[in-house]
2 protein chains.
Amino acid sequence: MENVKHQRMTRQRRIVLEEVRRLDNHPTADEVYRAVRAHLPKISLGTVYRNLDVLSESGAIGKVETLGSQYRFDGNTEDHFHVRCVECGRIDDLEAVDVRVPEALVEEVSEYQFVGYRLEFVGVCPACRERRPQHE
Amino acid sequence: MENVKHQRMTRQRRIVLEEVRRLDNHPTADEVYRAVRAHLPKISLGTVYRNLDVLSESGAIGKVETLGSQYRFDGNTEDHFHVRCVECGRIDDLEAVDVRVPEALVEEVSEYQFVGYRLEFVGVCPACRERRPQHE
DNA sequence: CTAACTGCAAAAGCTTTGCTTTTCA
DNA sequence: TGAAAAGCAAAGCTTTTGCAGTTAG
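To keep things clear, this report deals only with the structure shown in the data block. (Residues numbered from 1 in each chain as written. Chains lettered and ligands numbered in written order. Predicted model: local features only at pLDDT ≥ 70, side-chain atom pairs only at ≥ 80, totals over all residues. Heavy atoms only, no water.)

1. A few points about the overall build of chain A
If you tally the helices and strands in chain A, you get 5 helices and 5 strands. Listed by position from the N terminus, the elements making up chain A come as α-α-α-β-β-β-β-α-β-α. For chain A, whose C-alpha radius of gyration is 18 Å, the value lies well above the compact-globule estimate of 14 Å for 136 residues. For chain A, the spread of C-alpha atoms along the principal axes amounts to about 50 × 45 × 25 Å. Relative to its full complement of 136 residues, chain A shows a buried share of 40%. Nonlocal contacts in chain A, meaning residues at least 24 apart in sequence, comprise 48% of its contacts between residues at least 6 apart. Surface accessibility of chain A: about 8500 Å² in total, with carbon and sulfur atoms responsible for 45%. Taking the average location of the 20 positive side-chain charges in chain A and that of its 24 negative ones, the two points are 11 Å from each other. (Helix = DSSP H or I, 4+ residues; strand = E, 2+ residues; numbered from the N terminus. Rg over C-alpha atoms; globule rule 2.2 N^0.38 Å. Buried < 20%, exposed > 50% of the residue type's maximum accessible area, 1.4 Å probe, protein only. Contact = heavy atoms within 4.5 Å. Areas by Shrake-Rupley, 256 points an atom, 1.4 Å probe, with all protein chains shown as cover. Lys, Arg positive; Asp, Glu negative; His and termini not counted. Charge placed at Lys NZ, Arg CZ, Asp CG, Glu CD.)

Here it is in structure tokens:
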């Protein structure tokens, strides 16, 4: 069935992609928007959303579903975990972490068919630790 | 310092609490609202939100931060994991699962001070499996 | 050429908030 | 009786969508 939609590499899409890849801080849609406007001052927020959608759908970028009310995007498409700072919401990659969650468990203790799991670490980032030395 | 705020057990708050405990499906704020209105037809959505906030802040109920755009609430305040259905968004408890994520790892591979982690399982619930037998 | 995409603005979905009145303790 | 909470409605914030005009291929 040839119902695949052709996609074009427009200037807008290319720059959205470039900026998500360049920004290393897992930007929100709005942060991408602001970064892209430095190159394309007339781009609209709707276009940024649509492109973030297309790009993450196609796997060119990652869509990080984390706590909070906003999506975040990720230029690093390799499989990896994230740490989120409880204080400021910053998100960083955890490259070397190798966690193995027992998949069989889910089907043993529930009626669900296992599909996957989402694991996110929570911590205090260096900047926030400095701000509150003992982190009481 | 005596800046602790007194809290009152109003009729509204009590019924919100009762309904969250009674509903076993991790209801959204709106689902709680609809359930509570069966007892208090005049309650406002804002009051439900404020009470869900107070109750989860105090630990009387759980606030499930999951994928998607809505918060969900949980009458079960014991430590446990959740499975979320990819198809319909339903959330269930996984009582017996015992997963141990290596906490030290985070501080070894990053500058973050470890605080915790969030783990959520993803699967296909019985109802949705039936709807799509092979789940292709 | 034309399907895909953009810009703009309006709408949608969920949650929060301001204000006045009511109520719990 | 006074601080806390309710009710109502408006505002807020992020994301989505409709539509007319533009553009990549």
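2. Things to note about the interface of chain B and chain A
Contact residues are listed per partner, giving 38 residues for chain B and 39 residues for chain A. Each partner contributes to the roughly 3200 Å² buried at the junction of chain B and chain A, and carbon and sulfur atoms together form 67% of this total. The tally of links from chain B across to chain A stands at 2 salt bridges. Of the charged contacts, one joins Glu120(A) and Arg118(B) as a salt bridge, the two residues approaching to 3.4 Å between their closest N and O atoms. Applying the counting rule to chain B against chain A returns 12 residue pairs in polar contact (both at pLDDT 80 or more). Elements that contribute at least two residues to the side of chain B that touches chain A include exactly strand 3 (81-85), strand 4 (91-94), helix 4 (104-109), strand 5 (113-124) and helix 5 (126-131) of chain B. Taken together, the residues of the side of chain B that touches chain A sort by class into 24 nonpolar, 5 polar and 9 charged. Direction of pairing for strand 5 (residues 113-124) of chain A relative to strand 5 of chain B: antiparallel, over a ladder of 11 bridges. (Buried area = accessible area lost by both parts, 1.4 Å probe. Salt bridge = Lys/Arg side-chain N within 4 Å of Asp/Glu carboxyl O. Polar contact = N/O pair within 3.5 Å; in protein donor to acceptor, adjacent residues only side chain to side chain. Nonpolar A, V, L, I, M, F, W, Y, C, P; charged D, E, K, R; others polar. Pairing = 2+ DSSP bridges.)

3. Description of the pairing of strand 5 of chain B
By the bridge criterion, 4 bridges tie strand 3 of chain B to strand 5 of chain B in an arrangement that is parallel. Considered in strand 5 of chain B, the bridge of Cys85(B) is made with Gly123(B).

4. As for the packing of helix 1 (residues 11-22) of chain A against helix 3 (residues 45-57) of chain A
Residues and elements named next belong to chain A. Between helix 1 and helix 3, the shortest axis-to-axis distance is 10 Å and the interhelical angle comes to 70°. Taken as axis vectors, helix 1 and helix 3 run roughly perpendicular relative to one another. Across the interface between the two elements, Gln12, Arg13, Val16, Leu17 and Val20 of helix 1 pack against Thr47, Val48, Asn51, Leu52, Val54 and Leu55 of helix 3. Residues belonging to the contact of helix 1 with helix 3 are distributed by class as follows: 7 nonpolar, 3 polar and 1 charged. (Axes fitted to C-alpha atoms, helices over the stretch in contact; angles between N-to-C directions. Parallel < 35°, antiparallel > 145°, perpendicular 65-115°, else oblique.)

5. With respect to the environment of Ile43(B)
All names here are of chain B. Positionally, Ile43 belongs in the loop between helix 2 (29-37) and helix 3 (45-57). Spatially, the C-alpha atom of Ile43 lies 8.1 Å from that of Tyr33, the residues being 10 residues apart in sequence. Sequence-distant contacts of Ile43, that is, excluding residues within four places in its chain, are made with Gln12, Val16, Tyr33, Val36, Arg37 and Val48.

6. Overview of the pairing of strand 4 (residues 91-94) of chain A
All names here are of chain A. Across 4 bridges, the pairing between strand 3 (residues 81-85) and strand 4 is antiparallel. In the sheet register, His82 faces strand 4, and the bridge partner there is Asp93. Where strand 3 hands over to strand 4, the hairpin turn is made up of 5 residues, of which Gly89 adopts a positive phi near 85°.

7. Some details on the protein's contact with DNA strand C
Contacts to DNA strand C come from 23 residues, most closely from Arg8(A), Thr10(A), Arg13(A), Arg8(B) and Tyr49(B). Near the protein, meaning within 4 Å, the atoms of DNA strand C are sugar or phosphate in a fraction of 66%, with bases accounting for the rest. At 2.8 Å, a side-chain N or O of Thr10(A) approaches a phosphate oxygen of DNA strand C. At a separation of 2.9 Å, a sugar or linking oxygen of DNA strand C approaches a polar side-chain atom of Gln12(A). (Near = heavy atom within 4 Å.)

8. Here's the deal with the relation of the copies chain B and chain A
For the pair chain B and chain A, the best superposition has an RMSD of 0.1 Å and corresponds to a rotation of 180° with a translation of 0.0 Å parallel to the axis. Here the symmetry operator amounts to a two-fold rotation axis. Rotation axis and chain B: the residue whose C-alpha lies nearest the axis is Leu119(B), separated from it by 2.2 Å. Interface overlap between copies: 100% of the residues of chain B at the interface are likewise at the interface in chain A, consistent with a symmetric, same-surface contact. (Least-squares fit on C-alpha atoms with pLDDT ≥ 70 in both.)

9. Things to note about the nonpolar core
Counting residues in each nonpolar core, the largest one holds 32 residues, and the members touching the most others are Val99(A), Phe121(A) and Phe121(B). Going through the elements one at a time, strand 3, helix 4 (104-109) and strand 5 of chain A together with strand 3, helix 4 and strand 5 of chain B are the ones with two or more residues in this core. What Val99(A) contacts, discounting residues up to four positions off in sequence, is Phe81(A), Tyr117(A), Leu119(A), Phe121(A), Val101(B) and Pro102(B). In this structure, Leu17(A), Val20(A), Ala29(A) and Leu55(A) belong to the second largest nonpolar core, which totals 16 residues. (Core = buried A, V, L, I, M, F, W, Y, C linked by side-chain atoms within 4.5 Å.)

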